[in-house]
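Each chain, written out:
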Amino acid sequence: MANFMTTFGIWLAAFFTLSIFSFLYKDNPFYKFAEQVFVGLSASYWLVYTIYNILIPNLFNKLGTDFRGNLILLIPMILGILMLLRMVPKLQWLSRYPLALMIGTSAAMSMLLSFKSDFLSQMAATMVNPFSFSSPVDIVGTILMIVGTLCGVFFFYFSKKQEGFFKVPSKIGIWFLMVSFGASFGYTVMARISLLIGRLDFLLRDWLHIIK
Amino acid sequence: MKKVDRTVIERRIVFLILVLAVMLPMLFPLGLKTQSTPLTQKVYDLIESVPTGAPVILSFDYDPSVITEIQPMALALIEHAWKKGHKVIATAMWPQGPQMADRAFNEVKEKLAEQNPEAELPEYGKDYVNLGYKPGGLVTIQGMGRNMKAIFPSDITGKKYEEIPLLEKVRTLKDIRYVISLSAGDPGLRDWIMTAKGKFNVPVAGGTTAVSTPGFLPYVSDQDQLHGLLGGLKSAAEYELLMGYEGDASRGMNPQSVAHILILLLILFGNIRAARKRKADKLALEENNG
């Protein structure tokens, strides 16, 4: 039975993979079917997962076993219920409170950490003496990093018209930005091709057993 | 009869060629080799530098949609950590992370058993543990910095934190020697950098999908916000190379390389055609005006 279910699962996965790929030729009922099954399954999976892996162990089990000791959990429970009131038109304004709390708390929590890791540490990383390195590659690389950072930041300085002398660092900044976009594009291509490799590997190895 | 747009046909030809460019090297491997880069070497060196018996965290912050890129990294990192005798604690910021962790642990165990049937295999609870999924990202990691047990009262089998031998001496995140987040997005590596490294000064390394790699590169600096970064299938292949075996990622580099050459040629071809068309249009416009 287990073997049958494994084989059935592989054939089902192959069918859905090919159905999604069929969109590359043109939109068709197989693609639409696969897409809608995926959307429906994902939604139901998340619902069940949330109930069984978040709500039951973190809320219901704790309140059920020791209600008095976990009274504090009633606060997030009430906030959660308020959030669900979005579905009741007359009471949907109540959902603003848990939302406001969430936004305020997460913004406050991440502000300091983000300031340190994305601003202070990143600035400190550019404050290096390029000539302290022994390898010419490191020296050139560090100079490029410093020039690129300064010119890149200058490109986004909009309080003064970028003409004359101010046009030069701005232009250099654009070049650095273009290079970074090119690198991002290269990485994106690699990621997309990897996905294709994954699916073809599944079809050729697990489904058709052509490759070992 | 409705006339089919020429660009649509051309697009289909490109798709077909791309599929062939990926499929053929999978059927007939070209034997292309990859070389390790400093970013990958840095992750390897981090694991090498930690002594035997140290508790470490591998965070499985991804789901099955990216297993082609990230699962080979997970396999190589687990194998490396186990070979060094580290006690691996698996956590997950993504709901399907625990299943990915289980799958990776079992796969590495099977491989080790195949390599040496008489060797003692890592034991669950003693050498590794899967603490499961916890939502919250940044908040959860901050909580781990105060009290790990409060965040993960039990593992995925339901066993209580205090009953797991591996976790006996692990009270907070500060007891961890390094964190490696295998991350496909948010929450993930960025939260570990900001909190584990930024707040608790625990060394953090990462493995990400190729799409998100450029965003994390600035963190690998002399500030050591990231102790190395594995970006996409290429880095996974590099890590396999450092570990001395050819796994799924190394095999995937053959089709990857051929597909990249094809895309380069297509970009070149497209640009030449576009330039010629622009020139022809310009000439036509001049003739009309003149």
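Residues numbered from 1 in each chain as written. Chains lettered and ligands numbered in written order. Predicted model: local features only at pLDDT ≥ 70, side-chain atom pairs only at ≥ 80, totals over all residues. Heavy atoms only, no water.

Enquirer: Quick rundown of the overall build of chain B? Include the residues and the values.
Expert: Secondary structure assignment for chain B yields 10 helices and six strands. Taken along its principal axes, the extent of the C-alpha atoms in chain B is 85 × 45 × 45 Å. Buried residues in chain B amount to 50% of all 290 residues. Of all intrachain contacts in chain B linking residues separated by at least 6 positions in sequence, the fraction that spans at least 24 positions is 75%. Accessible surface computed for chain B: about 14,000 Å², of which carbon and sulfur atoms make up 57%. The averaged location of the 32 negative side-chain charges in chain B is 6 Å from the averaged location of its 34 positive side-chain charges. (Helix = DSSP H or I, 4+ residues; strand = E, 2+ residues; numbered from the N terminus. Buried < 20%, exposed > 50% of the residue type's maximum accessible area, 1.4 Å probe, protein only. Contact = heavy atoms within 4.5 Å. Areas by Shrake-Rupley, 256 points an atom, 1.4 Å probe, with all protein chains shown as cover. Lys, Arg positive; Asp, Glu negative; His and termini not counted. Charge placed at Lys NZ, Arg CZ, Asp CG, Glu CD.)

Enquirer: Account for the pairing of strand β2 (residues 87-92) of chain B, with residues named and values stated.
Expert: All names here are of chain B. For β2, the tally of buried residues reaches five of six residues, placing the bulk of the element in the interior. In the sheet, strand β1 (residues 55-61) pairs with β2 via five bridges, with the strands oriented parallel. Residue pairing across strands places L58 opposite A90, the latter belonging to β2. Once you follow β1 into helix α3 (residues 67-83) and on to β2, the crossover reads as right-handed. With four bridges connecting them, β2 and strand β3 (residues 128-133) associate as parallel partners. (Pairing = 2+ DSSP bridges. Right-handed = clockwise from strand over helix to strand, strands pointing away.)

Enquirer: How would you summarise the interface of chain A and chain B if you had to cite specific residues and measurements?
Expert: Between chain A and chain B, the residue contacts involve 41 residues of the former and 48 residues of the latter. Across the chain A-chain B interface, the total number found is zero salt bridges. Our enumeration of links across chain A and chain B arrives at nine residue pairs in polar contact (both at pLDDT 80 or more). (Salt bridge = Lys/Arg side-chain N within 4 Å of Asp/Glu carboxyl O. Polar contact = N/O pair within 3.5 Å; in protein donor to acceptor, adjacent residues only side chain to side chain.)

Enquirer: Please provide a residue-by-residue account of the sheet that holds β3 of chain B, values included.
Expert: Residue and element names in this part refer to chain B. A sheet is described by the order of its strands in space; here six strands give the open sequence β3-β2-β1-β4-β5-β6, paired in parallel fashion. Only two strands of the sheet have a single neighbouring strand rather than two, namely β3 and β6 (229-231). Averaged over all pairs of adjacent strands, the angle between strand axes in this sheet comes to 15 degrees, irrespective of strand direction. Here β1 runs beside strand β4 (residues 179-183); their pairing, made up of five bridges, is parallel. Bridge pairing links L58 to I180 in β4. Sheet strands touched by α3: β1, β2, β3, β4, β5 (204-208) and β6. Its angle to β4, the strand with the most contacts, is close to 160 degrees. Each of β1, β2 and β3 is contacted by helix α4 (residues 97-115), which is oriented at about 160 degrees to β3, the strand it contacts most. (Axes fitted to C-alpha atoms, helices over the stretch in contact; angles between N-to-C directions.)

Enquirer: Which residues make up the side chain of T142 of chain A, and what values go with them?
Expert: Locating T142 of chain A in the fold gives a position in helix α5 (residues 136-155). Residue contacts for T142 of chain A: discarding those within four places in its chain leaves V128, P130 and F133 of chain A.

Enquirer: So what's going on with a nonpolar patch on the surface? Which residues, and what values?
Expert: Residue and element names in this part refer to chain A. A cluster of nonpolar side chains, namely L47, V48, I51, Y52, L55 and F60, defines an oily patch on the protein surface of about 580 Å² accessible area. Within the element layout of this structure, F60 appears in helix α2 (residues 29-65). When its relative accessible area of 45% is taken as the criterion, F60 is described as partly exposed. (Patch = residues over 30% accessible without salt bridge, like charges linked within 9 Å, V, L, I, M, F, W, Y side chains within 5 Å.)

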